[in-house]
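# Commentary on secondary and tertiary structure
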Amino acid sequence: MSDLHRRLFCVAGLSGAFAATAACSRSQTADAPGVRPNLYLCEGCEATGERDARGLPWSLALAGPDEPGERMVLSGRVHAADGVTPAPDVVIYAHHTNAQGLYANGSNETEWSRRHGRLRGWVRTNAEGDYRFETIKPAPYPDMTMPAHVHLFVQEPGRRPYYIDDAVFDAEFRVDAAYRAAQELRGGSGIVRLQGDAVSGWRAVRNIRLEPHPA
């Protein structure tokens, strides 16, 4: 089972053996307190490096004005592993489903551009550690196995990329007490509270605390 599929299983299987589900998400190693032995194991992390970090903005329109769906701004601030120090120059790669819950209309540029669909993009945090994506609110998969979510990957300067907890929407489909308890908490909690409405647009804040790295 790939790391990504394991991650999806851990959430989609919440109705099953809950204790085992939670246990599959929070592992550490003796290298250093809080360092995850599987930090760099992820499917799709290669996509984080598909753009030159030097040319990336801190704010990006991920979905154009003609993209069907409810408008949404996902933003936040990235802090170092101490949870206090702002982290500039961190690349954040995001991708998510369209308003039908599909990763649709990808290009032939790379494997990940095909698999992740057209709603994907990269930003680099500014001097204060801020980032911002203007996009649409994704829909759950058509088979309704997962909450609506935004996949997020980070790459710090001079480090390998890794995924953090998806941004999901508090109190919406399958984002319940069981989901909250089973979070990996990679980069902090990915559960965000939407502000606004479907007409004027939604706003969501997903702050990120970077993970400790192996020595």
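Here, every reference points to the structure presented above.
Residues numbered from 1 in each chain as written. Predicted model: local features only at pLDDT ≥ 70, side-chain atom pairs only at ≥ 80, totals over all residues. Heavy atoms only, no water.

### Here's the deal with the overall build of the chain
Just so we agree on the cut-off: Working definition: helices are DSSP H or I runs of at least four residues, strands are E runs of at least two. Numbering for both runs from the N terminus. Accessible area is worked out with a 1.4 Å probe on protein chains only. A residue is then buried under 20% of its type maximum, exposed over 50%, and partly exposed in between. Contacts were defined at the residue level, with two residues in contact if any of their heavy atoms lie within 4.5 Å. Here the accessible surface of atoms and residues is derived via Shrake-Rupley with a 1.4 Å probe, and residues count as covered only by protein chains that are part of the display.
Counting its regular elements, the chain contains four helices and 11 strands. Counting across all 215 residues of the chain, residues that qualify as buried make up 48%. Taking the intrachain contacts of the chain between residues at least 6 apart in sequence as the baseline, contacts between residues at least 24 apart amount to 70%. Surface accessibility of the chain: about 10100 Å² in total, with carbon and sulfur atoms responsible for 54%.

### Brief notes about the environment of G76
With respect to the secondary-structure elements, G76 resides in strand 2 (residues 71-79). G76 sits 130 residues away from R206 along the chain, and the two C-alpha atoms are 5.0 Å apart. Here G76 is in contact with G129, D130, Y131, V205, R206 and N207, once residues within four sequence places are set aside.

### Comments concerning unusual backbone geometry
Residues apart from glycine generally show negative phi values, whereas peptide bonds are mostly found in trans. Of note in this structure, D89 is not a glycine but carries a positive phi near 60°. With respect to the secondary-structure elements, D89 resides in the loop between strand 2 and strand 3 (91-96). In this structure, N105 is a non-glycine residue whose phi angle is positive, near 60°. In this fold, N105 is placed in the loop between strand 3 and helix 3 (111-115). Judged by its relative accessible area of 56%, N105 is exposed.

### Examining the sheet that holds strand 4 (residues 120-124)
Note the threshold: Note on pairing: two strands pair once DSSP finds at least 2 bridges between them.
What the five strands build is an open sheet, ordered 4-3-6-7-8; its pairing is mixed. Of all strands in the sheet, those with a lone pairing partner are strand 4 and strand 8 (191-192), marking the two edges. Pairing analysis gives five bridges linking strand 6 (residues 149-155) to strand 7 (residues 162-169), with the strands arranged antiparallel. Residue pairing for strand 7: H149 is matched across the bridge by V168.

### Quick word on the environment of A63
The residue A63 is located in the loop between strand 1 (59-61) and strand 2 in this model. Each C-alpha atom, one on A63 and one on N98, is 9.4 Å from the other, the two residues being 35 residues apart in sequence.

### Concerning the packing of aromatic side chains
Applied cut-off: The criterion for an aromatic pair is that two Phe, Tyr or Trp rings (for Trp, the six-membered ring) have centres within 6.5 Å, with stacked assigned to planes under 30 degrees apart, edge-to-face to planes over 60 apart and tilted to the rest. The criterion is that NZ of a Lys, or CZ of an Arg, lies within 6 Å of the ring centre and within 35 degrees of the ring normal, and then a charge sits over that ring.
Inspection of every chain in the model, using the stated rule, returns four aromatic pairs. Aromatic pair Y103 and Y141: ring centres 5.8 Å apart, planes at 65°, arrangement edge-to-face. Of the two residues, Y103 is situated in the loop between strand 3 and helix 3 and Y141 in the loop between strand 5 (130-136) and strand 6; the sequence distance between them amounts to 38 residues. Residue Y103 is classed as partly exposed on the basis of its relative accessible area of 25%. Y141 gets classed as buried once you look at its relative accessible area, which sits at 14%. In textbook terms, an aromatic cluster arises when at least three aromatic residues are bridged by ring pairs, as seen for Y93, W122 and F153. Positioned above the aromatic ring of Y163, the side-chain terminus of R186 is 4.0 Å from the ring centre.

### Focus: the pattern of salt bridges
Note the threshold: Between Lys or Arg on one side and Asp or Glu on the other, a salt bridge is scored when a side-chain nitrogen of the former is within 4 Å of a carboxyl oxygen of the latter.
For the structure on display, the rule yields 15 salt bridges. Here D89 and R124 are joined by a salt bridge, their closest N and O atoms 3.7 Å apart. Here R124 lies in strand 4 and D89 lies in the loop between strand 2 and strand 3, a separation of 35 residues in the sequence. The class for R124 is partly exposed, based on a relative accessible area of 24%.

### Some thoughts on the state of the cysteines
Here is the rule: To count as a disulfide, a pair of cysteine sulfur atoms needs to be within 2.5 Å.
With the rule as written, the count across this model stands at one disulfide. Residue pairing for C42: its cysteine sulfur links by disulfide to C45, the two sulfurs lying 1.7 Å apart. Residue class for C42 comes out buried when judged on its relative accessible area of 16%. Assessed through its relative accessible area of 5%, C45 is described here as buried.

None of this, on its own, says anything about what the molecule does.
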